[in-house]
Amino acid sequence: MKVEDFQVDVVAPTEIMASSDLEDEHGVRKEAITSYLAAKFNKDEETVREYVDLAWGEAEKHEGVSPELILAVVQKESGLRAGIKNKYGAQGLMQVVARWHPDKLHRRESLFDPSVNIRVGAEILQEYLTKAKNGLPGALKKYSGNSRGYVESIIRETKRLATIGNKAQDDQDEG
């Protein structure tokens, strides 16, 4: 065989980095949403990416609950602050009240732990979606305790996050 018989593909550095996301089919979408949220809330991307990954993982387990929905609730409830607590006892990223959902918490778990909080919040959203007569608006109304403007705000931000992720995916697919 001659040297010419060996075909070598030269891969650009950006393609190597992109290939590391092959195991994660949503990598481009997650990255775009992470960048958006990090800039919006002036947070470091590593922390925000942890929340984005947690949201994706929980959304896969809870029918009808998208990662964008989880992240919209996280934004509205806590501004991406994991250690926050309000005067009613709501804690963490999704502002879960432990006394209202003791069946969803395991012994010694903390709602200040982002993975616990997002897991429990996603379970609550799925439960409310199942019980709500009018779907997502009813579930969000119950989740918020009937806060004015909450439903519209969450739906609007869910759509914004989905658009950001979809545009990034489309851009990559075209390029």
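Right above here is the structure, for reference.
Attention here is on the structure that accompanies the text. What you see is a predicted model; the values in this text were computed from it and never measured.

### Focus: the pattern of salt bridges
Reasoning step 1: Under the definition given, this model contains 13 salt bridges.
Reasoning step 2: As a salt-bridge pair, Lys-131 and Glu-127 come within 3.2 Å of each other at their nearest N and O atoms. On the criterion of helical spacing, the pair formed by Lys-131 and Glu-127 is a turn pair, its members being four residues apart in helix H5 (residues 114-131).
Reasoning step 3: Shared partners join several salt bridges into a network, and the residues in it are Lys-30, Glu-31, Arg-49 and Asp-53.

### Some remarks on the packing of aromatic side chains
Reasoning step 1: Applying the stated criterion across every chain yields a total of one aromatic pair.
Reasoning step 2: For the ring pair Tyr-128 and Tyr-143, a centre distance of 6.4 Å and an interplane angle of 70° mean the geometry is edge-to-face. Of the two residues, Tyr-128 is situated in helix H5 and Tyr-143 in helix H6 (residues 135-144); the sequence distance between them amounts to 15 residues.
Reasoning step 3: Judged by relative accessible area, which is 10%, Tyr-128 ranks as buried.

### Examining the packing of helix H3 (residues 45-61) against helix H4 (residues 67-78)
To describe two helices that pack against each other, one gives the angle between their axes and the distance between the axes.
Reasoning step 1: At their nearest, the axes of H3 and H4 sit 8 Å apart, and the two run at 130° to each other. Considering the angle they form, H3 stands oblique to H4. Judged by the sense of rotation from one axis to the other, the crossing of H3 with H4 is right-handed. Residues Tyr-51, Val-52, Ala-55, Trp-56, Glu-58 and Ala-59 of H3 form the contact with H4, whose participating residues are Pro-67, Glu-68, Ile-70 and Leu-71.
Reasoning step 2: Its residues assigned to classes, the contact of H3 with H4 shows eight nonpolar, no polar and two charged.

### Structural notes on the nonpolar core
Reasoning step 1: Core analysis: the biggest nonpolar cluster contains 39 residues, and Ile-70, Val-73, Met-94 and Tyr-143 have the highest contact counts within it.
Reasoning step 2: Contributions of two or more residues to this core are made by helix H2 (27-41), H3, H4, H5, H6 and helix H7 (150-174).
Reasoning step 3: Of all the elements, H5 adds the most residues to this core, at eight residues.
Reasoning step 4: When near neighbours in sequence (up to four residues on either side) are disregarded, Met-94 contacts Ile-70, Val-73, Val-74, Glu-77, Asn-117, Ile-118, Gly-121, Ala-122, Leu-125 and Tyr-143.

### Thoughts on unusual backbone geometry
Peptide bonds are mostly trans, and most non-glycine residues show a negative phi.
Reasoning step 1: The backbone of Asn-42 shows a phi angle near 50°, a positive value even though the residue is not glycine.
Reasoning step 2: Structurally, the position occupied by Asn-42 is in the loop between H2 and H3.

How each quantity is defined
- Residues numbered from 1 in each chain as written.
- Predicted model: local features only at pLDDT ≥ 70, side-chain atom pairs only at ≥ 80, totals over all residues.
- Heavy atoms only, no water.
- Salt bridge = Lys/Arg side-chain N within 4 Å of Asp/Glu carboxyl O.
- Helix = DSSP H or I, 4+ residues; strand = E, 2+ residues; numbered from the N terminus.
- Phe/Tyr/Trp six-rings, centres within 6.5 Å; stacked < 30°, edge-to-face > 60°.
- Buried < 20%, exposed > 50% of the residue type's maximum accessible area, 1.4 Å probe, protein only.
- Axes fitted to C-alpha atoms, helices over the stretch in contact; angles between N-to-C directions.
- Parallel < 35°, antiparallel > 145°, perpendicular 65-115°, else oblique.
- Left-handed = near helix turned anticlockwise from the far one by under 90°.
- Contact = heavy atoms within 4.5 Å.
- Nonpolar A, V, L, I, M, F, W, Y, C, P; charged D, E, K, R; others polar.
- Core = buried A, V, L, I, M, F, W, Y, C linked by side-chain atoms within 4.5 Å.

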